[in-house]
Structure formats: structure tokens, C-alpha cells
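Structural characterization, general
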Amino acid sequence: MTSIKKRLQAERRFKFYGQLGVFLSLLFVTLLMLKIFTTGSGAFFRTTIEADVFFDPAYMSVDQNSTKKEISRASFEALADSVVSSNFKNLDDADFIKVREMFTRRFDYQLRDHFLNNKDDFNKTITLDITASSDLDQIVKGNYPRNVPESQRKINDYQLSVLDELTDQDRIGSTFNFWFFTNGDSRDPETAGIWGAIMGSFYALMVCLAFAFPIGLFASVYLEEYTKPGRITDLIEVNINNLAAVPSIVFGLLGLGMLIGVFNMPFQVPLVGGLTLGFMTLPTIIIACRSSLRAVPPSIRHGALALGATKTQATFHHVVPLALPGTLTGTIIGMAQALGETAPLLMVGMVAFVMEIPGGPLDPATGLPSQIYLWSESAERGFIEKTSAGIMLLLLFLIVMNLTAVLIRRKVEVKW
């Protein structure tokens, strides 16, 4: 009787420890997600200053008859300065500089982009919401304290007084930050975007998939269907399993030493980054594909051979299609792992500051995790929001890829 009570108590304790472990895991994950979302949500909105803009011919070198190419190359800096002068009267040189710093440094580019799409505004006055500087943006969002000495603030007392005046006039607003999804990287947090990094990761993953999937599939088919068990096969299998556990930075060194050092491939491009990620993903694909091939019943092979099919026909017409769901699942999971890797990209140069959106796998680019790393290294408070927002997007892509793998498996898998 005592023994039964002790065993029941031990079982209840084990159940309690299990529930406690699950609860703590969910608690820490929830806290992490809350921290990321509360910090990164501000990156999806940017502070604006309402200003009257007169597209004065005296400050512009183009007009409504100019081509888009001419407008794109023209300078709108003088026009931006005139907007500040006309909206804030009687400014001396020192105050003018302080007020100008409250607007984004790409003020002139914003005027240029508007004029590109609205040439009829030439020689007219319109009202525009101009993006504020990152420091002003952080003050409005409450991320910078106002009740500290002026020497400890990036916004001085005069700029705070101007901000309060603009707020009283209802000229301080907020808009959805489309720039975050359409721009490349920038030194200014208010204009920095993630699109360049997304395209860099996209090209790298496409190269990785085109390289690793066919090689992994054919290697798996050969090892599983054509080779005979023996020492050489066992040695290859052990090495494949070991490669799947090798730290990712080792594959980065492989890409740096072989692709760049030996084959003289270009530095900092998605082609090299994708091939390096392909080296890392290849063992994962081979292991998943071999497991899927083993799961196909031998009767499928025997039935095909009995009906007169050759070994190759039985393999590629019957066995490989039936093993494809598991193969695709392993491939997508391997690609999701590659998407989140930073170390291999760092070794081949895909971690540099790149403003331009890459147009192909041979253009300089950075990856999504590398971009997050770069922003986390920046000192400006605005980049902290960008870092968390980038993590949110990365997690979203990983969830979508893993969900896709599950749906594909459920949709096409065969029940034996």
C-alpha cells in the first residue's frame, strides 16, 4: 500500500514538473514576443511635420516639362531650405540650422519624389507631410525623455519649444512607414528600409535551392537505391550526419576559402552567399530525402520491377514521387534554417552597408539576418525599433516556411 502511494505521488510530481516546464517555456516565449513586438511596432510608423511647400521656379532647375531622368538627377536642396524659411519666419542662421535638423536629412529627396509624380504642382503651393528626423520621432513616441538636462538630449530646448508649438498647431502627425518595406538601408533610421535585405535573402535562397535540392535529391537516390551496404557507404553516411551538425561558420569559411579564394567569385553577392548556404543545407536535405525514400514500401519497387520497369524507371517513376512530400518538407525546413543564418553570410561579405536594392544574384547585397545584426550595432535609438521590426519579419517568414512544409506534407503524403 505504501509502495503504491509513493508511486502515485512520484507520478503526480512528474506530471507537475512537466506542466511547470511547459508553462515556463510558454511564459519565456510570450515575454520574448511581447518585448520584440512592443519595441518594434514603432518602426511601422513615422512622425511627420505638416508644411506648406511652394514649388518655386527660383529654387528649382527643372519644371513640368522636364523628363523623369532630369528630375531624378536634379537637386532639391535649395527648395527644401526655402520650405523651412517660409514655414518658420524670422529665423537667424543658428535657429535655421536647428529647425532644419528637425526634418529628415532626405527632405530634398521627398520633395523630388513628390514632384516626379505631381509635375502639375510646379509654381503652386501645396501642403505636404514631411518626415521628421529620427531624434524628433523618438521624442514624439516617448522613447527619449524630455525631463533631462539639455546636454543629455539630442533635441535641444529650442527644438522642443518648436515641437510644442507645432503640436499646438496640430502640425505633428504620424503615418504608416511604407519606407520600411520599400527602401534599402540608410544611415538615417527614419529612412532605413528592409527591402534590400529581403531581396538579398531571396536571391541567396533561390541560389541555395537551385544548388542544394537537385544535388541532395540525386545523392540520396544513389545512396539509398543503387549502392550496396558496406564500409564505404557507412563512411559516407557518418560524414553526412557529421556535416549536418557542423557549426554554420565553418561553411562560411568554406565559401570564403573555396568560392572566393580559389574560384575568384565576387565578394558580397547573393550568388556566393547562396552557394555557401547550399553547402550548409545539403546534409539536411540528404538526410530528409533518404528517410523519405526508406519510408516507401518495398512492394512499390517490387511491383514496378515485376511489371517490366527498369531499376531507373521504378526509382524515378514510382519511388521518388512517393518520397517527394518528405523530401520537400526537409528541403523547406533546411531553407528556413538557411534564412536565419548570419555567420556564413558574414564570412562572404553579405553583412556590409548596402543602400541600393539588388537587382540580381550578382549585385552587392546583404541578407535579412545580417541587416538585423547591422542595425543592432547602431547607436541611434531609432535603429532599435528597426532591429525588432526586422526580427518580427524574419520570424514571420520562418513561420510561413514551416507552415508551408506542414501543409505540403499533409496535402500530398500517402497513407500506407
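This text goes with the structure placed above it.
Residues numbered from 1 in each chain as written. Predicted model: local features only at pLDDT ≥ 70, side-chain atom pairs only at ≥ 80, totals over all residues. Heavy atoms only, no water.

A short note on a negative patch on the surface
The line we're drawing: Residues enter a patch when their relative accessible area is above 30% and they make no salt bridge; the linking distance is 9 Å between like charges and 5 Å between nonpolar side chains (Val, Leu, Ile, Met, Phe, Trp, Tyr). Method for areas: the Shrake-Rupley scheme with a 1.4 Å probe, in which residue coverage is limited to the protein chains shown. Every case where a carboxyl oxygen of Asp or Glu lies within 4 Å of a side-chain nitrogen of Lys or Arg is listed as a salt bridge. By the counting rule applied here, Lys and Arg register as positive and Asp and Glu as negative, while His and the ends of each chain are not counted. A single reference atom marks each charge: NZ on Lys, CZ on Arg, CG on Asp, CD on Glu. Only protein chains enter the accessibility calculation, which uses a 1.4 Å probe. A residue is then buried if its area is under 20% of the maximum for its type, exposed if over 50%, and partly exposed in between.
The grouping of Glu-50, Asp-52, Asp-129 and Asp-170 at the surface amounts to a negative patch. Since its relative accessible area comes to 31%, Glu-50 is described here as partly exposed.

Some details on the layout of surface pockets
Selection criterion: Only protein atoms enter the 1 Å grid used here. Points where a 1.4 Å probe fits but cannot escape make up a cavity, open sets with protein on both sides within 12 Å along at least five of seven lines make up a pocket, and a residue lines them when an atom lies within 4 Å of a point. Grid points are joined across faces, edges and corners, and a volume is the space filled by probe spheres set on the points. The secondary structure listing takes helices from DSSP runs of H or I that are at least 4 residues long and strands from runs of E that are at least 2 residues long, numbered from the N terminus. Residue type decides the class: Asp, Glu, Lys and Arg count as charged, Ala, Val, Leu, Ile, Met, Phe, Trp, Tyr, Cys and Pro as nonpolar, and the leftover types, Gly among them, as polar.
When its volume is computed, the largest pocket comes out at roughly 350 Å³. Taken together, 17 residues line the largest pocket, and the ones lying closest to its centre are Leu-205, Met-206, Met-335, Leu-339 and Met-401. Of all elements in the fold, only α9 (195-226), α14 (311-339) and α17 (381-412) reach the threshold of two or more residues within the lining of the largest pocket. Here the lining of the largest pocket takes seven residues from α9, the largest share from any one element. Of the residues contributing to the lining of the largest pocket, the split by class is 14 nonpolar, three polar and no charged. There is about 290 Å³ of room inside the second largest pocket. What lines the second largest pocket is a set of 14 residues, and nearest its centre among them are Arg-106, Asn-183, Gly-184, Thr-191 and Met-355. Per element, the largest residue contribution to the lining of the second largest pocket is four residues, and it comes from helix α5 (residues 107-117). In terms of residue class, the lining of the second largest pocket is built from four nonpolar, five polar and five charged.

Observations regarding the pattern of salt bridges
Counted by the stated rule, this structure contains 14 salt bridges. Taking the shortest distance from any N to any O, the salt bridge between Arg-290 and Glu-237 comes out at 3.8 Å. One end of the pair, Arg-290, is in helix α12 (residues 270-295); the other, Glu-237, is in helix α10 (residues 231-244), and 53 residues separate them in sequence. Residue classification places Arg-290 among the buried positions, given a relative accessible area of 7%. Taking the relative accessible area as the measure of exposure, Glu-237 reaches 26% and is therefore partly exposed. Salt bridges here are not isolated pairs; linked through shared partners, they connect Glu-224, Glu-237, Arg-290 and Arg-294.

Observations concerning the side chain of Glu-341
With respect to the helices and strands, the residue Glu-341 is situated in the loop between α14 and α15 (343-347). Overall, the relative accessible area of 17% leaves Glu-341 in the buried class.

Some points on the nonpolar core
As a reminder, the rule being used: For this analysis, a nonpolar core means a set of buried residues of the types Ala, Val, Leu, Ile, Met, Phe, Trp, Tyr and Cys, connected via side-chain atoms within 4.5 Å. Contacts: residue pairs with any heavy atoms within 4.5 Å of one another.
Grouped together as the largest cluster of nonpolar side chains are 41 residues, with contacts concentrated most on Phe-180, Ile-194, Val-272 and Leu-277. Considering each element in turn, this core owes the most residues, seven residues, to α17. Beyond its immediate stretch of four places on either side in the chain, Phe-180 contacts Ala-43, Phe-44, Ala-192, Gly-193, Ile-194, Trp-195, Trp-375, Lys-386, Ala-389, Gly-390 and Leu-393. Core analysis: the second largest hydrophobic core is formed by 36 residues, Ala-51, Phe-96, Phe-122 and Leu-163 among them.

Overview of helix α1 (residues 2-40)
Structural remark: α-helix, 3.6 residues per turn; residues separated by three or four positions point the same way. The line we're drawing: A helix is expected to span 1.5 Å multiplied by its residue count minus one.
With 39 residues, α1 should cover 57 Å at 1.5 Å per step; its first-to-last C-alpha distance of 56 Å lies within 8% of that length. By the burial criterion, the buried members of α1 are Ile-36, Thr-39 and Gly-40. Where α1 is buried, its residues meet α17.

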